[in-house]
Amino acid sequence: MVHYDSQGFAMSTLQETRPSERVIVPEVQEGFWTRFQRRESSLAWLFLAPGLLILILFIAYPFGYGIYISMTDAFVGFAERNFIWLENYRRLLDDPIFQKTVRNTFVYGVGTVPFKLALGLGLALVLNQKFRFSRLYRAFLLLPWIVPTAISSLAFLMLFNGVMSPISWVLEDWGVIGGSINFLGDPINAIISLCVANIWRGVPFFGISILAGLQAVPDDLNEAAALDGANAWQRFMAVPGPVIRNTPLIATLFSIIWPFADFQLVYVLTKGGPANSTHIFGTYSYQTLGYTDIGTAAAISLYMFPILSVLAVILLRYVRRD
Amino acid sequence: MTEDRSATLISEAKAMRYSRRTVMKRASAMGLSAAALGSVLSATGHAVSAAPNRAPALLQGGSLNMLISTAFVPAAQDFFQEQATTWGEDNSVDVTVDFINWPDLQPRTTSAVQAGAGPDIVELWDTIPYLFSENLVPLPDLAAQAAEVQGGFYDWVVNTAAIDGEWRSIPHGTSSAAIAYRKSYFEQAGVENPEENFPATWEELFEVGRVLKEEVGKPLGQALGQSLGDPPGFCYPYMWSYGSMEVEEDGTTVAFDTDLFREGLEMFVQAWPEAFDETGLGWDDSTNNSAYLSDQISATQNGSSIYLAALDEEGENYNPELAEDTFHAPLPSGPEGQFASLGSRSMGILDYSPNQDEAMAFLEWWFSAEPFQAWLEVFEGYIIPPGPAFIELPVFVEDPKLAPYTDVVNFGRNKGYAGPANLRAAQASSQYVVVNTFAEAVQSGDVGAAIEQGAQMLERIYNR
């Protein structure tokens, strides 16, 4: 039983109170709804419920089911399946195409970052200046980012056509080359072509991210640094440099993570060829699923999980710090 | 007529002690109806399966969606769409057709089967019915009717579209392969009267190809990318003509890595930079058409679509001079003979479909003589029919330039040969194992390693 003083404050013990001063508040039986409302945690769960439900239905369940399927010898359309533990994962380690797939994903993701970063930084610095139609140019910067990848990939497919490439035509016309460039028919050229398209598509993200950081720096700081006699490089390193320091890092992490889930660009341009030499996780998994081997296809996709988890943890740490 | 064929099959089955499956397979090939098959089965002491007797379906207000591969003869795709729409209007069924690129057809079907939702009718390429054998509605009656219309099905059709003799999709033939070439360029390369003296062997073709590339400036063109049509259309026959096979007749013993094939592939790899357009490694089924039609190459292995496109007055590639200069030759032979990869496409109904009545009604109509013939004629000879009934149509015999495409039926083999065109063959084909062996050998120059890698992959597939 809880006792209250005249001001309504709870008293520690009955013995400390004189009987004449005691105010006894009759115990009120609280209803479920009142208790529910009073408890913050209940309300929190209520608000969380829709999100959690969506997470469970559309992310946790498929993820769990994917793990289960990857440990079976299941084929789409065939009811019979056996649980084979990590056999699919083990077999993939011996699969030369999968080995190429892992290598390609890193080349495609990590190898393109320096170019995206350099070009994005350059573009951001230029577009941070005030000049005529600068806002229009900033909007143009976003074009490669907002054009659907499938469409831009088709444009690159035409540019990289082995027989009728405008790039080859121009270079031939200038006398630089003697015949068509084998853009997508040679494994190294094909990877380079994919990286070029990936860089083109990724530069705006770097550019806009860095530009946003640059624009947060007040002009008068730059002016003060200039008055102090700092040259352009010193001004950049001392004023916007520290402010935007983490922006390229975060953009880089995103840029490494996205290729793991990429599909369209590689599928449209090479379908993983020639001779399976340009597959990334998404396209190889799709090709494997194509002949209904859903167990192996799931295992290919799930190989990304530990790598992505590490990257995601690093990314989250930097995002929080920012 | 039917009685005669039934009697022939009964005596054949008794003499050869055919199994029930073989009887069914032969009956399909001979075009016997379900009723006739029933009498043959009972006369030979086999159980007769209870064929479902479907009541006429009430189609009013129903719907039907079909997933069909795009056609390299655009008019034929439009015509099929028109046929479907007209049939839908006549039967008050809302019909939609999705045409998708060849390489996407199978993955889309796989997704639909996994999801248990999607198209009602799917087009299946050779060997693919095996992949979905548990998900396709059995169609014995429809197959028997279609076989009657087609005058029976060719063996290459039965071998690739039927699943162990059972029909779960109805075959409608396929495009075939030959070498489309520019007569004038071959003459410039020293081949007198190419129509009569076209190189008979691969080796001879590569020799002429060297002259074509070096002196005429118009190399041979061959697609070696990951695509369903032309790359396998070249690689499988070449492999067979050099004595290599995916597996032995038992369907499990891999017979890919042979000395003769190593020699043959070595010859091809050496010829590649000297006789071929080297960008072919990245070509798909359409790139060689573009290369030929834009006068970049002198010859390429293809269906008749290049020639038909050049003849099409309304098409963007209309080029009467090029059409006049274009001729076709059968695929050359190797030391082990002359071959072509031949398997029938077919139409199947997925078992999750709530519109099976509509689907069956459509297929029953479409595979009847009149609409099927009309569709075949719009293709102008590009698609060869699954049986002999239509092979004498003017579209196949009037233009002698197209004769090599129908001759292919005489030396066609199924994927997976010498084994059956089964699930494993379908998997090997979907993984492009044979095609990628060629591409890998050309890229690396290491024929032995490419063949060994191909053999290992086949081993994994066929002995899993």
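What counts, and where the lines are drawn
Residues numbered from 1 in each chain as written. Chains lettered and ligands numbered in written order. Predicted model: local features only at pLDDT ≥ 70, side-chain atom pairs only at ≥ 80, totals over all residues. Contact = placed C-beta atoms within 7 Å. Helix = DSSP H or I, 4+ residues; strand = E, 2+ residues; numbered from the N terminus. Nonpolar A, V, L, I, M, F, W, Y, C, P; charged D, E, K, R; others polar. Axes fitted to C-alpha atoms, helices over the stretch in contact; angles between N-to-C directions. Parallel < 35°, antiparallel > 145°, perpendicular 65-115°, else oblique. Left-handed = near helix turned anticlockwise from the far one by under 90°. Core = buried A, V, L, I, M, F, W, Y, C linked by C-beta atoms within 7 Å. Buried ≥ 20, exposed ≤ 12 C-beta atoms within 10 Å, placed from the backbone. Domains from an automatic or database assignment. Pairing = 2+ DSSP bridges.

A.B. asks: An account of the interface of chain B and chain A is needed here, citing residue identities and associated values.
C.D. replies: Contacts between the two partners involve 33 residues from chain B, matched on the other side by 27 residues from chain A. Elements represented by at least two residues in the side of chain B that touches chain A include exactly α5 (102-115), α14 (287-293), α21 (423-430) and α22 (433-444) of chain B. Broken down by element, the side of chain B that touches chain A gets its largest block of residues, 6 residues, from α5 of chain B. Partitioning the side of chain B that touches chain A into residue classes produces 11 nonpolar, 19 polar and 3 charged.

A.B. asks: Explain the packing of helix α10 (residues 187-215) of chain A against helix α14 (residues 246-261) of chain A residue by residue, including any values.
C.D. replies: Residue and element names in this part refer to chain A. Look at α10 against α14: their axes get within 9 Å of each other, and the N-to-C directions meet at 155 degrees. Between α10 and α14, the crossing angle belongs to the class labelled roughly antiparallel. Both α10 and α14 take part in a crossing whose hand is right-handed. Contacts between α10 and α14 involve Gly202, Phe205, Phe206, Ser209, Ile210 and Gly213 from the first element and Thr247, Pro248, Ala251 and Ser255 from the second. Here the contact of α10 with α14 is composed, by residue class, of 5 nonpolar, 5 polar and no charged.

A.B. asks: Let's hear about the nonpolar core: which residues, and what values?
C.D. replies: When a protein is soluble and globular, its nonpolar side chains tend to lie buried together. Ile170, Leu363 and Leu458 of chain B are the most contacted members of the largest nonpolar core, which totals 177 residues. Looking at this core, you find at least three residues from each of domain 2 (63-174 + 344-404) and domain 3 (178-341 + 431-462) of chain B. Ignoring anything within four residues of it in the chain, the contact list for Ile170 of chain B reads Leu139, Leu142, Ala143, Ala146, Ser346, Met347, Leu363 and Phe367 of chain B. Among the nonpolar cores identified, the runner-up in size contains 12 residues, and Ala124, Leu127, Leu211 and Ile244 of chain A belong to it.

A.B. asks: Explain the sheet that holds strand β8 (residues 326-329) of chain B residue by residue, including any values.
C.D. replies: All names here are of chain B. Here we have 4 strands laid out as an open sheet, ordered β6-β7-β5-β8, and mixed in their pairing. Whereas interior strands pair on both sides, the edge strands pair on one side only; in this sheet they are β6 (220-221) and β8. Where strand β5 (residues 178-182) lies against strand β7 (residues 299-302), 4 bridges are found, and the strand directions are antiparallel. Pairing of Ile179 across the sheet is with Gln301, part of β7.

A.B. asks: Describe the domain arrangement of chain B, naming the residues involved and giving the relevant values.
C.D. replies: Residues and elements named next belong to chain B. What the domain assignment reports for chain B is domain 1 (2-43), domain 2 (63-174 + 344-404) and domain 3 (178-341 + 431-462). Of note, the centres of domain 2 and domain 3, computed from C-alpha atoms alone, are 28 Å apart. Between domain 2 and domain 3, the contact holds 11 residues from the first and 14 residues from the second.

A.B. asks: Account for the sheet that holds strand β1 (residues 63-69) of chain B, with residues named and values stated.
C.D. replies: Residue and element names in this part refer to chain B. Ordered by their spatial adjacency, 6 strands build an open sheet running β2-β1-β3-β10-β4-β11, and the pairing between neighbours is mixed. Two strands lie at the open edges of the sheet, namely β2 (94-100) and β11 (383-384), each paired on one side alone. Strand direction decides the pairing type here: β1 and β2, joined by 7 bridges, are parallel. By the bridge assignment, Met66 is partnered in β2 with Val97. Helix α17 (residues 356-366) rests against β1, β3 (121-124), β4 (169-175) and β10 (345-349) of the sheet, and its axis sits at about 150 degrees to β10.

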